[in-house]
Amino acid sequence: MKKIIITIIVSATLLVSCADLEVTPTSFVTEDNYFKTQDDAVASVTAVYASLSLDPGEQSLFGRNLYFLTDMGSDYAAAGVSATNPQVRAMSALTHDATNDRVQVAWRQIYAGINRANVSIDNIPKVSGSEVVKTRLINEAKFIRGLLYFQAVRLWGGVPIVLHEPTSIQLESLKSKRATVDEVYTQIISDLKDAENLPPTYTAADAGRATSGAAKAILTKVYITRKDWPNTIAKAREVINGGYGYALFENFQDIFTKTKKNGKEHIFSVQFEPNQAGNGSSGSTFQSTSFTGFTATEPADIISDVALFYDIYAPGDTRRDVSYAKQLVNPTTGTLYTFPKPIFKKYLDLTNLATPGNVAINFPLIRYADILLSLAEAINEQGAPTAEAYELINQVRRRAFGKPITTPDATVDLAGLDQISFRAAIQEERKKEFVQEGQRWFDLVRWGTLVTEVKKVTAKNSVSEKNNLYPIPQSERNFDPVGLPQNPGYN
């Protein structure tokens, strides 16, 4: 445990650069002989970022594995015929238990990333180099640690808080008991507040790194999850009015276009590059599991109910045909192919459908539209929708219908709603806006509507209140059953 492996990626040009946050590991060394220079510190933090997109021999956390919990475990996504893993099918039907390997892998991947962050935070202070750069790198690691704990606390409730690398291999010293939910959130907020001191922007060479705006955006999500409406409003306004240059893309498709990575709407994205999975680690597998070719065979990841999720878009809403594909042109034959059921489309590389492993579309972990809708929701929850709240949701709607974003348009703008109707409108917009973006399960849980909404899907009618949390993996409880009591409803 003391010889923790660090992934090394060192820029060939600048000490503080990581070449567009390239996350392909090229060598391995042990901690004992590693942390010496600023180069080492930069590489260690790049390895922290890599925990989001690479995992040797497994689908990466944000490359698909978290999707099983945050999307397939909700109402709109399901396992198709091509999903032959019984553990995946159990996740889709919400019949999973504490031995489910997808839940176990998600736990392991999250804590692996936390561990990498801890190693960097503990060791960067002792390297030679600029104190300004070292502080920045530590705060980047804290951003990732806070982000990962935010995933964990929402998925499992109170989880162990581990803030330092192990100093002993003795069994008892390696155990860590579940903290309370409030304790975990206190740590998350602390890490993200430190990360608010990060730079507002970077040069192109460092595109994809965490910024102060990204820290504020994740804090906005933390506060809205806690139903802390005043802090949600304050932090969202800091994101919007902070001079970061964030804005909605005029075209919804641009969010998922390779040539527009890390653009004005992308507050923080998990970075994926061509052939990233070809080095023995699994990068983004969304294309290969959403598209099996121009055949009638269902992909591994499918829409659960066409009427409930595809047919709900109003005529002219461009989000439907960006999120789903009913038809695609076969690049080999040039013919238009119609699928028996719409397939997921956001992460399809339409320029390279023949080689699914080459998908290089980033995962937009948080984008500007989310902040606009979060602020509108929080304002409404304080009593009623205001003119500001209407403008926030209407900007998202105008973009969806291809209208000028900041120009009022009576054909798409909402008006005259009471608090309950506006709340329902926000929930409907989020359902249409964030398909396959890791938002749906979290939204349904925080709204208290998971069971009601999931029960509408016949194949998922085994859902119950226990599904508002995932089980603590049995493999972890075997290690410490007393310190890791199981969540209610799971054996």
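Note that the coordinates shown come from a computational prediction; the quantities given were computed from them, not determined experimentally.

(A) Spotlight on the overall build of the protein. Counting its regular elements, the protein contains 18 helices and 8 strands. With the principal axes as the frame, the protein shows a C-alpha extent of 60 × 50 × 50 Å. For the protein, with 491 residues in total, the buried portion stands at 58%. Across the protein, every contact between residues at least 6 apart in sequence was considered, and the portion connecting residues at least 24 apart equals 69%.

(B) Region of the structure containing the pairing of strand 7 (residues 336-344). With 5 bridges connecting them, strand 6 (residues 324-329) and strand 7 associate as antiparallel partners. The residue bridging Y324 from the neighbouring strand is F344, located in strand 7. A loop of 6 residues connects strand 6 with strand 7, the two strands running antiparallel in sequence, and G334 in this loop sits at a positive phi of about 80°.

(C) Expanded view of the nonpolar core. In terms of nonpolar packing, the biggest core is built from 128 residues, with F143, L155, W156, I188, I218, F268 and Y324 touching the most fellow members. Top element by residues in this core is helix 5 (residues 131-156). It accounts for 14 residues. Dropping the residues within four chain positions of it, L155 is found in contact with L66, L69, T70, I110, W441, F442, L469 and Y470. Among the nonpolar cores identified, the runner-up in size contains 7 residues, and A325, L328, I343 and L353 belong to it.

(D) Focus on the side chain of S269. One can find S269 in strand 4 (residues 266-270). Given a relative accessible area of 4%, S269 falls into the buried group. Residues contacting S269, with those up to four places away along its chain left out, are G208, N262, N362, F363, P364 and L365.

(E) Molecular detail of the pattern of salt bridges. Evaluation of the coordinates by the stated rule reveals 43 salt bridges. For the salt bridge of E250 with K264, the shortest nitrogen-to-oxygen distance reads 2.9 Å. Of this pair, E250 sits in the loop between helix 9 (229-241) and strand 4 while K264 sits in the loop between helix 9 and strand 4; the two residues are 14 residues apart in sequence, bridging distant segments of the chain. Its salt-bridge partner being R446, residue E377 comes within 2.7 Å of it at the nearest N-O pair.

(F) Fine view of the packing of aromatic side chains. In the structure shown here, the tally under the stated rule is 29 aromatic pairs. With a centroid separation of 6.2 Å and 20° between ring planes, the pair formed by F294 and F339 is classed as stacked. Of this pair, F294 sits in the loop between helix 10 (286-290) and strand 5 (301-303) while F339 sits in strand 7; the two residues are 45 residues apart in sequence, bridging distant segments of the chain. Members of the aromatic cluster, joined through ring pairs, are F62, Y67, F68, F252, F256, F286, Y347 and F363. The aromatic ring of F150 is capped on one face by R154, whose charged end is 3.6 Å from the ring centroid.

(G) Representation of helix 4 (residues 101-123) within the structure. Between its terminal C-alpha atoms helix 4 stretches 32 Å, which fits the 33 Å expected from 23 residues at 1.5 Å a residue. Two to three positions downstream of the cap, the backbone nitrogen of R102 sits 2.9 Å from a side-chain oxygen, assigning the N-cap of helix 4 to N100.

(H) Geometry of the confidence of the model for the protein. Per-residue pLDDT for the protein has a mean of 91; in total, 90% of the residues score no lower than 70. Note that residues 1-20 has pLDDT below 50 and, in this model, 66 contacts with residues that lie over four places away or in other chains. Overall, residues 22-30 carries pLDDT values under 50, and its contacts beyond four positions in sequence, including any with other chains, amount to 30 contacts.

(I) Highlighting the environment of W229. Its place among the elements puts W229 in helix 9. Residue classification places W229 among the buried positions, given a relative accessible area of 16%. As a C-alpha pair, W229 and P385 span 156 residues in sequence and 13 Å in three-dimensional space. Once residues lying within four places of it in the same chain are set aside, the contact partners of W229 are I224, A378, E381 and Q382.

(J) The arrangement of the side chain of N100 in detail. Structurally, the position occupied by N100 is in the loop between helix 3 (86-93) and helix 4. Of the polar contacts made by the side chain of N100, one reaches the backbone oxygen of Q87; its length is 3.0 Å. Of the polar contacts made by the side chain of N100, one reaches the backbone nitrogen of R102; its length is 2.9 Å. When neighbours within four sequence positions are excluded, N100 is seen to be in contact with Q87, A90 and M91.

(K) Region of interest: helix 2 (residues 61-70). Most of helix 2 is tucked away, with 10 of its 10 residues classed as buried. Three or more residues of helix 2 are buried, namely L61, F62, G63, R64, N65, L66, Y67, F68, L69 and T70.

(L) Unusual backbone geometry, seen in detail. Although it is not a glycine, N262 adopts a positive phi angle of roughly 55°. Along the chain, N262 falls in the loop between helix 9 and strand 4. Of note, the phi angle at Q436 is positive, near 60°, even though the residue is not glycine.

(M) How the structure looks around the environment of V222. Within the secondary structure layout, V222 lies in helix 8 (residues 212-225). Under the relative-accessibility criterion, V222 is labelled buried at 0%. Here the alpha-carbon distance between V222 and L484, two residues 262 residues apart in the chain, equals 24 Å. Those residues in contact with V222, other than ones at most four positions away along the chain, are F150, Y185, I188, I189 and L192.

(N) Representation of the packing of helix 1 (residues 38-50) against helix 5 in the model. The contact between helix 1 and helix 5 brings their axes to 10 Å, and the two run at 15°. Of the possible angle classes, the one that applies to helix 1 and helix 5 is roughly parallel. In the crossing of helix 1 with helix 5, the sense of the turn from one axis to the other is left-handed. Touching Q38, A41, V42, V45, V48 and Y49 of helix 1 are V133, L137, E140 and I144, all from helix 5.

(O) Representation of the environment of K345. Assignment of secondary structure puts K345 in the loop between strand 7 and strand 8 (363-367). For K345 and G158, which are 187 residues apart along the polypeptide, the C-alpha to C-alpha distance reads 35 Å. If we skip the residues at most four places from it in the chain, K345 touches D321, V322, S323, Y324, A325, L328 and L350.

About the cut-offs
Residues numbered from 1 in each chain as written. Predicted model: local features only at pLDDT ≥ 70, side-chain atom pairs only at ≥ 80, totals over all residues. Heavy atoms only, no water. Helix = DSSP H or I, 4+ residues; strand = E, 2+ residues; numbered from the N terminus. Buried < 20%, exposed > 50% of the residue type's maximum accessible area, 1.4 Å probe, protein only. Contact = heavy atoms within 4.5 Å. Pairing = 2+ DSSP bridges. Core = buried A, V, L, I, M, F, W, Y, C linked by side-chain atoms within 4.5 Å. Salt bridge = Lys/Arg side-chain N within 4 Å of Asp/Glu carboxyl O. Phe/Tyr/Trp six-rings, centres within 6.5 Å; stacked < 30°, edge-to-face > 60°. Lys NZ or Arg CZ within 6 Å of the ring centre and 35° of its normal. Expected span 1.5 Å × (residues − 1). Polar contact = N/O pair within 3.5 Å; in protein donor to acceptor, adjacent residues only side chain to side chain. pLDDT = per-residue confidence, 0-100. Axes fitted to C-alpha atoms, helices over the stretch in contact; angles between N-to-C directions. Parallel < 35°, antiparallel > 145°, perpendicular 65-115°, else oblique. Left-handed = near helix turned anticlockwise from the far one by under 90°.

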